[in-house]
Amino acid sequence: MPNFADQDPALRPLLDRVLSADDRARIEPLLTELGALAAGEIDRQAALADAHPPRLRSYAPDGERIDEIVYHPAHDRLAEMAYERFGLAAMSHRPGVHGHPARTPHTVKYALSYLYVQSEFGMACPLSMTDSAARVLRLFDPERYAAEIAALASTDPATRATGAMFMTEKQGGTDVGRTETVATAADGGTHWTLTGKKWFASNPGADVILTPARVPGQGQGTRGLGMFLVPRLRPDGTRNAIRIDRLKDKLGSRSIASGEVTLDGAYATPVGDLTRGFRQMAEMLNVSRLSNAMRSAALMRRAVRESVAHARERVVFGTPLFEQPLMRMTLLPMILDAEAALALVLEAAARLDEADAGDAGDAAARDLVRVLTPLAKYTVCKRARTVTGEAMEIRGGNGYIEDWVNPRLLRDAHLGSIWEGSSNVIALDVLRCLRRYAAHHTLAQAYGDRARALSLPAGKRLAVRWEELAARGDQLLADPAAEQEMRAGRYAEELTRTVMGTLLLEQAAYECAAPAPNGRALLAAHAHLALLADPDALPRTALAHLDALADGGEVPVAVAEADA
């Protein structure tokens, strides 16, 4: 039986390195189970849910307004596996999920979610918002919202709740400071009412909705925004004044609902400090952005798997496509990109675990997470569009036909570069990190030191590259503001790919020093660095060992070392 965990050459070796022995042992049976489901039932249910998107039922037969979203049974089965069986939205917020004595590390959550998303992308949107909503409430108002946090973190079908974030308005998507939804204090301030329209609201039938709204007298722009919780039901059990005007007919992510919503004096309660509403919302946004990168990494892995399998089976002019030189040169960067993307996602998750540790967390880890998150969102999501497109072309005419998974992968890949901030918005976020926090020096010191500590020749060269990148960042910040913005995207990508190269080389050192040494990861790291230095390079040794790079086979360490 196919199993996506077994067919992934990078996942288990990476987890061996980044997880504690106990966490690694706990996740193994879950990898086996979820990997099999992703290759089987989840994949079948995802195709059904994609072909039968949700419908809006605005009125009951007696004319009562109900705004009910009707889902296909495949959607419900996918939700059951994600929320209940595997607890993907719950595990970061309470102990006991899958026997973990404390809250489950983000690295475990993202590794499992990565397997799930290889077959079902859409459900990861409400999953991420449910996870993020619980995190925001836990960070900023845990006592007031203890019941909501417990519901968002529940795996019991009778008590679990889903979350949503209603941020986008027609006049203000990227520019959240143009939000027009107004909050009005009611009943002497015991609660508020919200009035306004939200233009793109995913999971509009959520139980717990977090949204920014303008607080009178608080100022203009983002300073004037507070964060509010809008429940689906009022405290007396009646339906809140949330009207779903229509559902969006989306290009991808068709298994879940997104809609236009009117808040018509909706009951709401404040979250945390109303004067810091936007900053609190940004916490939810940033975690969702990392989830976006994880999902794009998953789409790349699925696309690569489909391409490798097809290229091995398809014979053209008497030779399997996989053995033809141009096809090998097409597949190699796709394989490397998928592996590097997963390494980056797990690295960011590990730093997020450190940043969240204890009462104060790790300040250095917080500094890294602040910049790693937009870097991952920018580079991984953009590259997923290219990799899924290449995979469609590799499959040829069948890749354009809905009987195959490629059209769905391609459609879904485009969402990653839009949802929670388009690529230009994210590049400017990276630029803000450089200006405010000298994040290029933070990266250069952290990953330059890690590269320098490796007993591999490429590590020393990487350390020098980090010094050069830091100096180039200083030069960038000395340019006029318009020049900085024009160059921000390319510089962000260079930073990301150099982080990826460092992580791949770090993994290579780990695998070369293992009891059963394998040079496969070192060969992958060398090929990544060669293409980073020269996009026209031909990594000949990697091309000669493409089977091992694609499948996780053995490469003699001496062969990989000689390739340096």
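Going by the structure above, here's the rest.
It should be emphasised that the depicted structure is a prediction, and the values quoted were computed from it without experimental measurement.

**Comments concerning the overall build of the protein chain**
Reasoning step 1: Along its length, the protein chain carries 19 helices and 11 strands.
Reasoning step 2: Taking the principal axes of the C-alpha coordinates as reference, the protein chain spans close to 75 × 55 × 45 Å.
Reasoning step 3: Considering only contacts within the protein chain whose residues lie at least 6 apart along the sequence, 71% involve residues at least 24 apart.
Reasoning step 4: Approximately 22500 Å² of the protein chain is accessible, and the part contributed by carbon and sulfur atoms is 53%.
Reasoning step 5: Of the side chains in the protein chain, 65 bear a positive and 72 a negative charge, and the two mean positions are spaced by 3 Å.

**Looking at unusual backbone geometry**
Reasoning step 1: One non-glycine residue, Asp 67, lies in positive phi territory at about 50°.
Reasoning step 2: Under the relative-accessibility criterion, Asp 67 is labelled buried at 10%.
Reasoning step 3: A positive phi angle is found at His 98, which is not glycine, with a value near 55°.
Reasoning step 4: Within the secondary structure layout, His 98 lies in the loop between α4 (73–85) and α5 (106–117).

**Considering the nonpolar core**
Soluble, globular proteins show a tendency: their nonpolar side chains are buried together.
Reasoning step 1: The biggest cluster of nonpolar side chains holds 138 residues, and the ones touching the most others in it are Leu 112, Tyr 116, Leu 331 and Leu 443.
Reasoning step 2: Among the elements that take part in this core, helix α9 (residues 325–356) stands out by supplying 18 residues, more than any other.
Reasoning step 3: Contacts of Leu 443, omitting those with residues within four sequence positions, involve Leu 368, Val 371, Leu 372, Leu 375, Gly 448, Trp 466, Leu 495 and Val 499.
Reasoning step 4: Core analysis: the next-biggest nonpolar cluster, separate from the first, contains 47 residues, Ala 201, Val 215, Val 271 and Met 281 among them.

**Section: a nonpolar patch on the surface**
Reasoning step 1: A contiguous nonpolar patch, built from Tyr 400, Ile 401 and Trp 404 and spanning about 350 Å² of accessible area, is present on the exposed surface.
Reasoning step 2: Among the secondary structure elements, Ile 401 is positioned in the loop between α10 (363–395) and α11 (406–416).

**Quick notes on the side chain of Ser 258**
Reasoning step 1: Inspection of the secondary structure assignment puts Ser 258 in strand β9 (residues 258–270).
Reasoning step 2: A polar atom in the side chain of Ser 258 sits 2.8 Å from the side chain of Ser 202.
Reasoning step 3: Excluding residues within four positions of it along the chain, Ser 258 makes contact with Phe 200, Ala 201, Ser 202, Pro 204, Arg 246, Leu 247, Lys 248 and Lys 250.

**Side note on the packing of helix α15 (residues 481–512) against helix α16 (residues 520–533)**
Reasoning step 1: The geometry of α15 relative to α16 is characterised by a closest axis approach of 8 Å and an angle of 160° between their N-to-C directions. In terms of orientation, α15 and α16 fall into the roughly antiparallel class. In this structure, α15 crosses over α16, and the sense of that crossing is left-handed. Together, Arg 497, Thr 498, Met 500, Gly 501, Leu 504, Leu 505, Gln 507, Ala 508, Glu 511 and Cys 512 of α15 and Ala 521, Leu 522, Ala 525, His 528, Leu 529 and Leu 532 of α16 make up the contact between the two elements.
Reasoning step 2: The class makeup of the residues in the contact of α15 with α16 is 10 nonpolar, 4 polar and 2 charged.

**Concerning helix α1 (residues 11–18)**
Reasoning step 1: Considered for burial, the residues of α1 that qualify are Leu 11, Arg 12, Leu 14 and Leu 15. Summarising the axial view, the buried residues of α1 lie within an arc of 160°, below the 170-degree limit, and thus occupy one face.
Reasoning step 2: Of the surrounding secondary structure, the elements contacted by the buried residues of α1 are α2 (21–39), α5, α9 and α15.

**Topic: the pairing of strand β5 (residues 191–202)**
Reasoning step 1: Bridge analysis of strand β4 (residues 182–186) against β5 gives 5 bridges, and the strand direction is antiparallel. Each residue of the ladder has a partner; that of Ala 186, found in β5, is His 191.
Reasoning step 2: Linking β4 to β5, which pair antiparallel, is a turn of 4 residues; within it Asp 187 sits at a positive phi near 50°.
Reasoning step 3: Strand direction decides the pairing type here: β5 and β9, joined by 9 bridges, are antiparallel. Within the sheet, the bridge partner assigned to Gly 196 lies in β9 and is Leu 263.

**Examining the side chain of His 75**
Reasoning step 1: One can find His 75 in helix α4.
Reasoning step 2: On the basis of relative accessible area, His 75 is assigned to the buried category, the value being 10%.
Reasoning step 3: Those residues in contact with His 75 that lie beyond four places of it in its chain are Ala 49, Met 123, Ser 255 and Ile 256.

**Quick look at the pairing of β9**
Reasoning step 1: Counting buried positions along β9 gives 11 out of 13 residues, so the element sits mostly inside the fold.
Reasoning step 2: In the sheet, strand β7 (residues 225–231) pairs with β9 via 2 bridges, with the strands oriented antiparallel. Pairing of Phe 228 across the sheet is with Pro 270, part of β9.
Reasoning step 3: As paired strands, strand β8 (residues 242–247) and β9 are joined by 5 bridges and run antiparallel to one another. Counterpart to Leu 247 in the pairing with β9 is Gly 259.

**Remarks on the pattern of salt bridges**
Reasoning step 1: Counted by the stated rule, this structure contains 51 salt bridges.
Reasoning step 2: Put simply, Asp 16 and Arg 24 hold a salt bridge, and the shortest N to O gap is 2.6 Å.
Reasoning step 3: What makes Asp 16 partly exposed here is its relative accessible area of 35%.
Reasoning step 4: As a salt-bridge pair, Arg 520 and Glu 339 come within 2.6 Å of each other at their nearest N and O atoms. Placement of the pair is Arg 520 in helix α16 and Glu 339 in helix α9, with a sequence separation of 181 residues.

**What to know about helix α14 (residues 457–478)**
Reasoning step 1: Compared with an ideal rise of 1.5 Å per residue, which puts 22 residues at 32 Å, α14 spans 33 Å between its outermost C-alpha atoms and is within 8% of the ideal.
Reasoning step 2: Of all the residues in α14, the buried ones are Ala 458, Gly 459, Leu 462, Ala 463, Arg 465, Trp 466, Leu 469, Ala 470, Gly 473 and Leu 476. Projected onto a plane normal to the axis of α14, the buried residues spread over an arc of 160° and lie on a single side. Projecting away from the buried face of α14 at angles above 90 degrees are the exposed residues Pro 457, Gln 475 and Ala 478.
Reasoning step 3: In this structure, the buried residues of α14 make contact with α12 (423–437), α13 (439–452), α15 and α16.

**Description of the packing of α2 against α5**
Reasoning step 1: One can describe the packing of α2 onto α5 by two numbers: an axis separation of 9 Å at closest approach and a directional angle of 15°. Relative to α5, α2 is oriented roughly parallel. In terms of crossing hand, the pair formed by α2 and α5 is right-handed. Contacts between α2 and α5 involve Asp 23, Ile 27, Leu 30, Leu 31, Leu 34, Gly 35 and Ala 38 from the first element and Val 108, Ala 111, Leu 112, Leu 115 and Tyr 116 from the second.

**Description of the state of the cysteines**
Reasoning step 1: Inspection of the entire model under this criterion finds 0 disulfides.
Reasoning step 2: Of all cysteine sulfurs, the one in Cys 125 lies closest to Cys 381, which takes part in no disulfide; the gap is 13 Å.

What counts as what
Residues numbered from 1 in each chain as written. Predicted model: local features only at pLDDT ≥ 70, side-chain atom pairs only at ≥ 80, totals over all residues. Heavy atoms only, no water. Helix = DSSP H or I, 4+ residues; strand = E, 2+ residues; numbered from the N terminus. Contact = heavy atoms within 4.5 Å. Areas by Shrake-Rupley, 256 points an atom, 1.4 Å probe, with all protein chains shown as cover. Lys, Arg positive; Asp, Glu negative; His and termini not counted. Charge placed at Lys NZ, Arg CZ, Asp CG, Glu CD. Buried < 20%, exposed > 50% of the residue type's maximum accessible area, 1.4 Å probe, protein only. Core = buried A, V, L, I, M, F, W, Y, C linked by side-chain atoms within 4.5 Å. Patch = residues over 30% accessible without salt bridge, like charges linked within 9 Å, V, L, I, M, F, W, Y side chains within 5 Å. Salt bridge = Lys/Arg side-chain N within 4 Å of Asp/Glu carboxyl O. Polar contact = N/O pair within 3.5 Å; in protein donor to acceptor, adjacent residues only side chain to side chain. Axes fitted to C-alpha atoms, helices over the stretch in contact; angles between N-to-C directions. Parallel < 35°, antiparallel > 145°, perpendicular 65-115°, else oblique. Left-handed = near helix turned anticlockwise from the far one by under 90°. Nonpolar A, V, L, I, M, F, W, Y, C, P; charged D, E, K, R; others polar. Arc of directions from axis to C-beta. Pairing = 2+ DSSP bridges. Expected span 1.5 Å × (residues − 1). Disulfide = S-S within 2.5 Å.

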